[in-house]
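This is what each chain is made of:
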Amino acid sequence: MTSDAKLRKKSSLLDNFTPYYSPPHDTGEFSMWFIFYKNELLIQEKQGSYHVPLLNIVEQDKLPLINQFYLGQYDSIHCFGAEINPITSIPSGYQALGLRQLFGLISDDLLTLAGRVIHLLYWDSTTQFCGRCGHTTLLKTDERAKECPQCGLINYPQLAPAVIILIEKDNEILLARSPRFKPEMYSVIAGFVEPGETLEQTVLREIREEVGIQVHNIQYFGSQHWPFPQSLMIAFTAQYLSGQITIDHREIEDANWFTIENFPPIPNKMSISRWLIDWFIEKQTNKN
Ligand SMILES: [Zn+2]
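Report on the accompanying structure.

Here is what the cut-offs are and how they apply
- Residues numbered from 1 in each chain as written.
- Predicted model: local features only at pLDDT ≥ 70, side-chain atom pairs only at ≥ 80, totals over all residues.
- Heavy atoms only, no water.
- Helix = DSSP H or I, 4+ residues; strand = E, 2+ residues; numbered from the N terminus.
- Buried < 20%, exposed > 50% of the residue type's maximum accessible area, 1.4 Å probe, protein only.
- Contact = heavy atoms within 4.5 Å.
- Areas by Shrake-Rupley, 256 points an atom, 1.4 Å probe, with all protein chains shown as cover.
- Pairing = 2+ DSSP bridges.
- Salt bridge = Lys/Arg side-chain N within 4 Å of Asp/Glu carboxyl O.
- Donors = N, O, S within 2.8 Å, 3.2 Å for Na, K, Ca; no water.
- Tetrahedral: all angles 85-135°; square planar, octahedral: opposite > 155°, others 65-115°.
- Phe/Tyr/Trp six-rings, centres within 6.5 Å; stacked < 30°, edge-to-face > 60°.
- Lys NZ or Arg CZ within 6 Å of the ring centre and 35° of its normal.

**Description of the overall build of the chain**
Secondary structure assignment for the chain yields six helices and 17 strands. Seen along its three principal axes, the alpha-carbon backbone of the chain occupies a region of about 65 × 55 × 35 Å. In the chain, which comprises 288 residues, the proportion classed as buried is 44%. Sequence-distant contacts in the chain: of pairs separated by 6 or more residues, those separated by 24 or more amount to 65%. With an accessible surface of roughly 15400 Å², the chain has 51% of that area assigned to carbon and sulfur atoms.

**Quick look at the pairing of strand β13 (residues 172–177)**
Burial runs high along β13: five of the six residues are buried. Connecting strand β12 (residues 160–169) to the next strand, β13, in antiparallel fashion are two residues, including Asp170 with a positive phi near 55°.

**What about the pattern of salt bridges?**
According to the stated counting rule, one finds eleven salt bridges in the structure shown. Close ionic contact of Lys283 with Glu168 constitutes a salt bridge, the shortest N to O distance being 2.6 Å. Placement of the pair is Lys283 in helix α6 (residues 272–287) and Glu168 in strand β12, with a sequence separation of 115 residues. You can call Glu168 buried: its relative accessible area is 4%. Overlapping salt bridges bring together Glu197, Arg205, Glu206 and Glu209 as one network.

**Thoughts on the coordination of the zinc ion**
Listed as protein donors to the zinc ion are Cys130 (SG), Cys133 (SG), Cys148 (SG) and Cys151 (SG); their distances from the metal cover 2.3 to 2.4 Å. Angles of 99 to 119° at the metal separate the four donor atoms of the zinc ion, which places the site in the tetrahedral class. Each donor residue of the zinc ion belongs to the same chain, with the gaps between them written as C-x2-C-x14-C-x2-C. Here Cys133 is found in the loop between α4 (108–126) and β9 (138–139), whereas its partner Cys148 is found in the loop between β10 (146–147) and β11 (154–155), with 15 residues between them in sequence. The class for Cys148 is buried, based on a relative accessible area of 2%.

**Some thoughts on the sheet that holds β10**
Paired through their backbone hydrogen bonds, the strands of a sheet run either parallel or antiparallel. Judged by pairing direction, the sheet is antiparallel, and its three strands sit side by side in the order β9-β10-β11 without closing on themselves. Of all strands in the sheet, those with a lone pairing partner are β9 and β11, marking the two edges. As paired strands, β9 and β10 are joined by two bridges and run antiparallel to one another. Its bridge partner being in β10, Leu138 is matched across the sheet by Glu147.

**With respect to unusual backbone geometry**
Phi at Asp170 takes a positive value of approximately 55°, unusual for a residue other than glycine. Relative to the elements of secondary structure, Asp170 occurs in the loop between β12 and β13. By relative accessible area, Asp170 is classed as exposed at 65%. The residue Glu184 is not glycine, and still its phi comes out positive at about 75°. For Glu184, the location among the structural elements is in the loop between β13 and β14 (189–192). Taking relative accessible area as the criterion, Glu184 reaches 58% and is therefore assigned exposed.

**A few points about the packing of aromatic side chains**
Taken as a whole and judged by the stated rule, the model has six aromatic pairs. Relative to Phe236, the ring of Tyr220 has its centre 6.1 Å away and its plane inclined at 75°; by these criteria the two rings are edge-to-face. Taken as a pair, Tyr220 in strand β15 (residues 214–226) and Phe236 in strand β16 (residues 231–242) lie far apart in primary sequence, 16 residues in all. On the accessibility criterion, Phe236 (4% relative accessible area) is buried. Members of the aromatic cluster, each reached through a chain of ring pairs, are Trp33, Tyr70 and Phe80. Its end group placed over the ring of Trp123, Lys146 keeps NZ or CZ at 5.4 Å from the ring centre.

Here is the structure:
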């Protein structure tokens, strides 16, 4: 399987989803609601399986919803995002679960949509007023944006692009430990793109800054949206070229070369950092 095919398997493609910005007059008897309560999604459990709630109008009205918005259409179902008032308690019949806990409990498509909702809720809460003149903003109906009726400034949901890089050296890869990681875990190198940089320049700069080595043969691997914070992770592989590992202790506390036989604990299977590492493991395993 090529890395592209692997990524298609692992990363939700949302083939059946179309974003829209204004709800239709008739949303059908039931619509799907991605409702957040203190950054956790409300989920219904029925006989051991977990569901994003499909609600009729009566059930919607019973919930203390705030900040609701139309998300678009998934298959033939209209989808909404919303949050419930954080000073209330979780409504009966629901559980509230974080996105990481939901991994494997609901489909990758629905998990991706939930991530989109949490991003849009955050965007909505931080763009109530125009950043230039302070006037109250209005949602646009033809695109996902807000417009200031006073000065015309348009505000789109912001994404912070970040690169994430697997560096290969023969049968080893470079893994590093950030003090923010859980104990003993190592991962690949990552960092945010600076304004004006190309992605390739960010890759070279981050590697130089964090571990002091040079790489070449930078290849695109895949991407993943990550809602905390609102970032788009763009993953690459690269080959070691020269230099000794020299750690920037402000960012990381250890970095080393590892073979698959001596890997430390690595990130869980929902992150693209893990997909990169799994790609390397599979390649090495097939070689042996
Ligand atoms: Zn304005």
